[in-house]
Structure formats: C-alpha cells, structure tokens
Amino acid sequence: MSVYKVGIIGFGGMASHHLNTASLLDFIEFKGVYDINPQRMEVAKEKGLYTYSSTEEMLNDPEINIVLVAVPNHLHKDLCIKALRAGKHVLCEKPVTLSSKELLEIMKVSHETGLIFTIDQNRRVNKDFVLLKQSIESGILGDVYVIESRVEGSRGMPEGWRCIKEQGGGMMLDWGVHLIDQILYMCDSKVVNVFCKMYSIHYDEIDDNFRLTITFENGLTAQVEVATNNFIKHPRWFVTGSEGTLIINDWDCSGQIVRCKVREDKWGAEIQKVKAGPSKTMAPRSPETIETIELKAPTDVIDNVQPTYIQMVNAIEGKAELTIKPEEALRVMKVMEAAFESAKTGQAIFTDI
Ligand SMILES: NC(=O)c1ccc[n+]([C@@H]2O[C@H](COP(=O)([O-])OP(=O)(O)OC[C@H]3O[C@@H](n4cnc5c(N)ncnc54)[C@H](O)[C@@H]3O)[C@@H](O)[C@H]2O)c1
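1. What about the overall build of the chain?
In step 1: In terms of helices and strands, the chain carries nine helices and 17 strands.
In step 2: In terms of overall dimensions, the chain has C-alpha extents of about 80 × 45 × 40 Å along its principal axes.
In step 3: Among the 353 residues that make up the chain, the fraction classed as buried is 38%.
In step 4: Within the chain, contacts between residues separated by at least 24 positions form 70% of all contacts whose residues are at least 6 apart in sequence.

See the structure below:
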C-alpha cells in the first residue's frame, strides 16, 4: 500500500481527532492544514503540519492525494466539489451536505472525475452499535419489530455554528445523521413512512431535541431520539423481537438479552393479583421459561475513524468497494429531509426511500 498524503480543510475538534487516530495508520500521512482561524493554524504548526495560505494552495499541491473536509456543515458541498475538480480524493465529515440535492451535485463530480468520495460515518464502528447489529443478525431475538435508539444529554447545545440554522446547525444534522445511518445500514428494506417531532427548547432557530419514527416496508419500526435536555436517560438501545428483548444501557455496552425459552407460560383460570393490579398479561413470567444473556463490548472493533480511511484507501487502490457509499448517505439525507418536512407540517410523510 502506498502512503497517502492528506490535506485538512478546517482544523477544529473533529479534524484533530482524525489527526490523532488516523495518523497511526502507516499508509496515512497528514501533510498540512488550511483553517480560517489563525489560532488553529498555530496549533497545526505546533503539531508539525504545513500550514497552507489558502485552500487553493493546498489543492494545487501535487503531493496531496486526499482532502479531508472538516469545516461547518454548510461549507461541505463547495469544498468537496473544488477538491474533486482539483484531482483529489475526498473524505467529507458528516452530515455530508445540507440536502440531497447538494449531495447529488458532489456525486456527479465524483463520477465525472472518477475520484473517490466518501463520508465519515464513523459511528458504524461504535462498539455498542456493532454489538447490537451482531445480536440482531444472530437471530436470537427472532423477528425484530422495534428498534429504539437514543442519544441523550442535558447540557444543551454547544455554542457556535451548531446553533445556526443556515450553517447546518441542529441535532438532526449533528447526531440524527449518525443514528439514522446506523438504522439504515442494518435494514435495507424501504422506508415507507417518517414522522418527526422537533423541539427548540433553548434555541429558537434549530432543533435542539427531536423524536423520529421511521417505518420500513418489512414492518420494522425505528424510534430515534436525540435530546440535549433529558436529565434522566433512557437506555442507548432497546429492541423488541418475536423471541426476545435486548437492552444496551450505554456506550460501555452493558446490557442484556432476555430470550424466551418456552413460549407457553402457565395461564391459570383465575385472574392474578400482581403489581399491575388484577391481570394475566402483565403477571411476571416463570423464571424457567426465559434465559438471560449478559452482553459485553466486542473486543475486535477499531472504534475510531481508522476504518473510514481503510475503506477509502482500499477503494482508491481498487481492492474493494467503498463501505461508506455516497448512495447510502443520500438515503440518510432523504430520511432527514422527510423528518424536517414532517416536523414542519405535523404530518407523517409517506416515502419510497
Ligand atoms: N464524525 C463525527 O463523529 C463528528 C464529530 C464532530 C464533528 N463532526 C463534523 O466535523 C465537521 C467539523 O466539526 P467540528 O466539531 O470539528 O467543528 P469546529 O468548529 O471545532 O471546527 C471547524 C473548523 O473549521 C474552520 N473553518 C470554518 N470555516 C472555514 C473555511 N471556510 N475554511 C477553512 N476552515 C474553516 C473553523 O475555524 C474551525 O477550526 C462538521 O461537519 C461536524 O458535523 C463529525
């Protein structure tokens, strides 16, 4: 494998994370940076990176093979197109663009130039998600009919561009994009219906909280919540299948599967007095009819941006197809557009995504 030299446009928090993790790959070398903020250029210099005087200077550098676009969201489209037109392969941070139309423009240029264009959907390798996906795919839960995915905090929105609508702010574009990508990555059935309620609890112009329901053609329902004002948290994942229930509490992957061993529990003729009051359906099960499996974090997962670079370089070298395909990002973008439309109209949006 050759060594690929990377130029970074926008050297903020996320680009620093790329530098710290992807530079450990022996085929990736971060050469230089362009950032409009002189302080960030100083930090780049201290880290031994070349500082370009403009994006043009970087794009004219024949040594640069890959451009990482890690600027605020509204700037992604133009920079990705510029970099592709300059003959560079492009890795763009999420959300790839602000609309599916913008993404299609980039995809057109990528096709015309034959250069690789991919997106950092790095949360496909989060340990909790890998564990969840493997558990569902093992079949242990039977037919899964509801997946609940939540990311919750109570500290509100960070200051800056994430609170400005026209710069691509809001939680749908910030975290929703990851959670929807994970769900669509697991489920290739068509999205037929999207309903979303967005909340602007502390910031009027953006969604600082949302609740989204996605219905698939195969009957699966995904419920996705992102909250910045939840002082008590739900579990990270809660999944119900015909044969069992899964819970993953948090990022550390603590959780359980409770699986049905014997379908028929004993139903007495008499109604029972249980905590729920007089009921048969809500009476506790006999312990011997279920099995509890404690979950553990997978140990063979690289949970950072390295897999994003590995799949990109494999595609550049023609060894494998991209695993993070622009077409997949397009599907995510369309679901987010339907979610915005639903939040605006108060209606469920029927789709064919
Ligand atoms: N994949 C992930 O998990 C993840 C996590 C965080 C952020 N992100 C994404 O990364 C991108 C950057 O987010 P961040 O948290 O690093 O933001 P940030 O504000 O920390 O950094 C953005 C940087 O871009 C610079 N910048 C702004 N306009 C520029 C321009 N025209 N040319 C060059 N530089 C410019 C800013 O000065 C700043 O240093 C966003 O798209 C965000 O959604 C992804």
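Read on for the rest.
2. Here's the deal with unusual backbone geometry
In step 1: In this structure, Pro-95 follows Lys-94 across a cis peptide bond, with omega equal to -15°.
In step 2: The residue Pro-95 is located in the loop between strand 5 (89-92) and helix 5 (100-113) in this model.
In step 3: Here the phi dihedral of Cys-253 falls at roughly 75°; this positive angle occurs in a residue that is not glycine.
In step 4: The exposure class assigned to Cys-253 is buried, which follows from the 20 C-beta atoms found within 10 Å.

3. A look at the site of the ligand
In step 1: The environment of the ligand is formed by 23 residues, the closest being Gly-10, Gly-12, Met-14, Asn-37 and Glu-93.
In step 2: Broken down by element, the residue count for the shell around the ligand peaks at three residues, all from helix 1 (residues 13-22).
In step 3: Across the shell around the ligand, the residue classes tally to ten nonpolar, seven polar and six charged.

4. Section: the sheet that holds strand 12 (residues 244-248)
Backbone-to-backbone hydrogen bonds join strands into a sheet, with any given pair of strands oriented parallel or antiparallel.
In step 1: What the nine strands build is an open sheet, ordered 16-13-12-11-7-10-9-8-17; its pairing is mixed. Two strands lie at the open edges of the sheet, namely strand 16 (290-295) and strand 17 (349-350), each paired on one side alone.
In step 2: As defined by bridge partners, strand 12 adjoins strand 13 (residues 255-260) across five bridges and the pair is classed as antiparallel. Of the residues in strand 13, the one forming a bridge with Leu-246 is Ile-257.
In step 3: Contacting strand 7 (144-152), strand 11 (237-241), strand 12, strand 13 and strand 16, helix 6 (residues 127-137) runs over the sheet at an angle of about 170° to strand 12.
In step 4: Taken strand by strand, helix 7 (residues 171-186) contacts strand 7, strand 8 (191-199), strand 9 (209-216) and strand 10 (221-227), and its axis lies near 150° from that of strand 10.

5. Digging into helix 5
In step 1: Helix length check: helix 5 (14 residues) gives 20 Å between terminal C-alpha atoms against 20 Å at 1.5 Å per residue, within 8%.
In step 2: Within the sequence span of helix 5, burial applies to Ser-100, Leu-103, Ile-106 and Met-107. One side of helix 5 carries all its buried residues, which in axial view fall inside an arc of 120°. What points out from helix 5, more than 90 degrees from its buried face, is the exposed set Lys-101, Lys-108 and Glu-112.
In step 3: Contact partners of the buried residues in helix 5: helix 4 (76-85), strand 6 (117-119) and helix 9 (326-345).
In step 4: Positive backbone phi, at 75°, marks Gly-114, one or two positions downstream of helix 5.

6. Points about the environment of Ile-290
In step 1: Tracing the backbone through its elements, the reader meets Ile-290 in strand 16.
In step 2: A tally of 15 C-beta atoms within 10 Å means that Ile-290 is categorised as partly exposed.
In step 3: A sequence separation of 263 residues divides Ile-290 from Phe-27, and the C-alpha atoms of the two residues are 49 Å apart.
In step 4: Apart from residues lying up to four places away in sequence, Ile-290 is in contact with Val-258, Arg-259, Cys-260, Lys-261 and Arg-285.

7. Some remarks on the environment of Glu-328
In step 1: Mapped onto the elements of the fold, Glu-328 is located in helix 9.
In step 2: For Glu-328, a count of 19 C-beta atoms within 10 Å corresponds to the partly exposed category.
In step 3: Expressed as a C-alpha distance, the spacing of Glu-328 and Tyr-185, which sit 143 residues apart in the sequence, is 7.9 Å.

8. Digging into the pairing of strand 8
In step 1: Here eight bridges tie strand 8 to strand 9, and the two strands are oriented antiparallel to one another. Paired with Val-191 across the strands is Phe-216, a residue of strand 9.
In step 2: Bridge analysis of strand 8 against strand 17 gives two bridges, and the strand direction is antiparallel. Residue pairing across strands places Val-194 opposite Ile-349, the latter belonging to strand 17.

9. Brief notes about the sheet that holds strand 6
In step 1: A sheet is described by the order of its strands in space; here six strands give the open sequence 3-2-1-4-5-6, paired in parallel fashion. In this open sheet, the two edge strands, each paired with only one partner strand, are strand 3 (50-51) and strand 6.
In step 2: The sheet contact formed by strand 4 (residues 66-69) and strand 5 spans four bridges and is parallel. Bridge pairing in strand 5 links Ile-66 to His-89.
In step 3: This element, helix 8 (residues 306-316), spans strand 1 (4-9), strand 2 (28-34), strand 5 and strand 6 of the sheet and lies at about 155° to strand 5.

Criteria and thresholds
- Residues numbered from 1 in each chain as written.
- Predicted model: local features only at pLDDT ≥ 70, side-chain atom pairs only at ≥ 80, totals over all residues.
- Helix = DSSP H or I, 4+ residues; strand = E, 2+ residues; numbered from the N terminus.
- Buried ≥ 20, exposed ≤ 12 C-beta atoms within 10 Å, placed from the backbone.
- Contact = placed C-beta atoms within 7 Å.
- Near = placed C-beta within 6 Å.
- Nonpolar A, V, L, I, M, F, W, Y, C, P; charged D, E, K, R; others polar.
- Pairing = 2+ DSSP bridges.
- Axes fitted to C-alpha atoms, helices over the stretch in contact; angles between N-to-C directions.
- Expected span 1.5 Å × (residues − 1).
- Arc of directions from axis to C-beta.

That's the geometry; what it means functionally is another story.
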